[in-house]
Amino acid sequence: MERIPILKMGPFLLVTIQVDLYDRLALTLENDLINMVSKTEAKGVLIDISAVSIVDSFMGRILGNIASMSKIMDAATVVVGMQPAVAITLVELGLTLSGVHTALDVEQGMELLRTKIGQLDTDEEGLYDSYI
């Protein structure tokens, strides 16, 4: 069975989707990615969709699911490289992808994840300080 590679880069997981996803591959990616977040205790997930030219409602829901599940497991999700046609399609389908942060490219996406982790660390420190 075909799989999308998931790379660990420090506290982050990087997924570069180089093919248009069909339903089974998208579900496999969702499952593999959430398992990797758990296994590696990743603090962020970056999904590069710059090579994806078509997104349907199912794929949009998968991206939203990944973000929701990752958040529950204490990891932020950033999607990068979205083509204008993909963004238009998502809006036309009414998919807001709540919980999914976006950036133009991988570099900006990694910076956004670093910022999100910094916010999490600050929030956690503030939480603990209030109980001391």
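Residues numbered from 1 in each chain as written. Predicted model: local features only at pLDDT ≥ 70, side-chain atom pairs only at ≥ 80, totals over all residues. Heavy atoms only, no water.

### Let's talk about unusual backbone geometry
Although it is not a glycine, glutamate 41 sits at a positive phi angle of roughly 55°. Among the secondary structure elements, glutamate 41 is positioned in the loop between α1 (23–40) and β3 (44–48). Glutamate 41 gets classed as exposed once you look at its relative accessible area, which sits at 64%. Of note in the backbone geometry, aspartate 74 takes a positive phi value of approximately 70° without being a glycine. As for its position among the elements, aspartate 74 is in the loop between α2 (57–72) and β4 (76–80). (Helix = DSSP H or I, 4+ residues; strand = E, 2+ residues; numbered from the N terminus. Buried < 20%, exposed > 50% of the residue type's maximum accessible area, 1.4 Å probe, protein only.)

### Considering the nonpolar core
Val15, Ile17, Leu21, Leu33 and Ile47 are the most contacted members of the largest nonpolar core, which has 28 residues in total. For valine 15, the contacting residues outside a window of four places in its chain are Ile4, Pro5, Ile6, Leu29, Leu33, Leu46, Ile47 and Asp48. Of all hydrophobic cores here, the second largest spans 10 residues; its members include Phe12, Ala76, Val78 and Leu113. (Core = buried A, V, L, I, M, F, W, Y, C linked by side-chain atoms within 4.5 Å. Contact = heavy atoms within 4.5 Å.)

### Here we look at the pairing of strand β2 (residues 12–16)
Burial runs high along β2: four of the five residues are buried. Between strand β1 (residues 6–9) and the antiparallel strand that follows it, β2, lie two residues; glycine 10 among them carries a positive phi value of about 65°. Note: β2 against β3, five bridges, orientation parallel. Residue pairing in the sheet places leucine 14 in a bridge with leucine 46 of β3. Chirality of the crossover, the property in question, places the unit of β2, α1 and β3 among those that are right-handed. (Pairing = 2+ DSSP bridges. Right-handed = clockwise from strand over helix to strand, strands pointing away.)

### Some details on the pairing of β3
Across the five residues of β3, five count as buried, placing the element largely inside the fold. Relative to β4, β3 runs parallel, the two sharing five bridges. Following the sheet pairing, glycine 44 is matched in β4 by alanine 76. Read as a crossover between parallel neighbours, the route from β3 over α2 to β4 is right-handed.

### A few points about the side chain of threonine 77
If you trace the backbone, threonine 77 turns up in strand β4. A relative accessible area of 2% places threonine 77 in the buried class. For threonine 77, the residues in contact, after removing those within four places along its chain, are Val45, Ile47, Ile66, Ala67, Ser70, Gly99, Val100 and His101.

### Description of the environment of lysine 71
Among the secondary structure elements, lysine 71 is positioned in helix α2. Along the sequence, lysine 71 and valine 100 sit 29 residues apart, while their C-alpha atoms lie 9.7 Å from each other.

### Some words on the confidence of the model for the protein chain
In this model, the protein chain carries an average pLDDT of 87, and 89% of its residues clear a pLDDT of 70 or more. When mean pLDDT is taken per element in the protein chain, β3 scores highest with 97 and helix α4 (residues 106–131) scores lowest with 68. (pLDDT = per-residue confidence, 0-100.)

### As for the sheet that holds β1
An order of β1-β2-β3-β4-β5 is seen for the five strands of this open sheet, with the pairing classed as mixed. Edge positions in the open sheet fall to β1 and β5 (101–103), since each of these has one partner strand only. Within the sheet, the average angular offset between the axes of one strand and its neighbour, ignoring direction, is 25°. α2 rests against β3 and β4 of the sheet, and its axis sits at about 150° to β4. (Axes fitted to C-alpha atoms, helices over the stretch in contact; angles between N-to-C directions.)

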